[in-house]
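Listed here are the chains, written in short residue letters.
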Amino acid sequence: MALALEVEPRDGGSCARAEIATDVDPRGEPAWLPIAFAECFAAPLGVQGVVADDATVPGPVLFAGTRLWIDGRAAEPDLRPRRITDRGAT
């Protein structure tokens, strides 16, 4: 199983959509399916990524094979673990 977070600029803000792939297409690429409708925000998202919440998933979680693409090009993600202390702060 693979998870993806697609973030696009829109109307001066950002829209994010989560996707999941449980299979691959004939070329061997993940067959992405949207999990839900896009969620749009009035301001650009300066930080985005995946998180495991201690309240719902106790213990360690591993996100393996993390990749970052910007405008169709591979980029270097910042993979340092961070503890989220204030859900509203960025």
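### Side note on the pattern of salt bridges
Inspection of the entire model under this criterion finds four salt bridges. Notably, a salt bridge pairs arginine 17 with glutamate 6, separated by 3.2 Å at the nearest N-O pair. Linking arginine 17 in strand S2 (residues 13–21) with glutamate 6 in strand S1 (residues 2–10), this pair joins segments that are 11 residues apart in sequence. For arginine 17, a relative accessible area of 28% puts it in the partly exposed group. Note that arginine 17 is salt-bridged to glutamate 19, the shortest N-O span being 2.6 Å. Looking at glutamate 19, the relative accessible area reads 9%, which means it is buried. Each member of the salt-bridge network shares a partner with another, and the members are Glu6, Arg17 and Glu19.

### Let's talk about the pairing of S1
When a strand is regular, its side chains alternate between the sheet's two faces. Taken together, the nine bridges between S1 and S2 define a ladder with antiparallel strand orientation. Among the inter-strand pairings, alanine 4 is bridged to a residue of S2, identified as glutamate 19. The hairpin formed by S1 and S2 contains two residues between the paired strands, and aspartate 11 there has a positive phi angle of roughly 50°.

### Topic: the state of the cysteines
Applying the stated criterion across every chain yields a total of one disulfide. The partner cysteine of cysteine 15 in its disulfide is cysteine 40, sulfur to sulfur 2.0 Å. Here the S-S torsion is close to 105°, and the disulfide linking cysteine 15 with cysteine 40 is therefore right-handed. With cysteine 15 in strand S2 and cysteine 40 in strand S4 (residues 39–41), this residue pair connects regions lying 25 residues apart in the sequence. By relative accessible area, cysteine 40 is classed as partly exposed at 42%.

Cut-offs used in this document
- Residues numbered from 1 in each chain as written.
- Predicted model: local features only at pLDDT ≥ 70, side-chain atom pairs only at ≥ 80, totals over all residues.
- Heavy atoms only, no water.
- Salt bridge = Lys/Arg side-chain N within 4 Å of Asp/Glu carboxyl O.
- Helix = DSSP H or I, 4+ residues; strand = E, 2+ residues; numbered from the N terminus.
- Buried < 20%, exposed > 50% of the residue type's maximum accessible area, 1.4 Å probe, protein only.
- Pairing = 2+ DSSP bridges.
- Disulfide = S-S within 2.5 Å.

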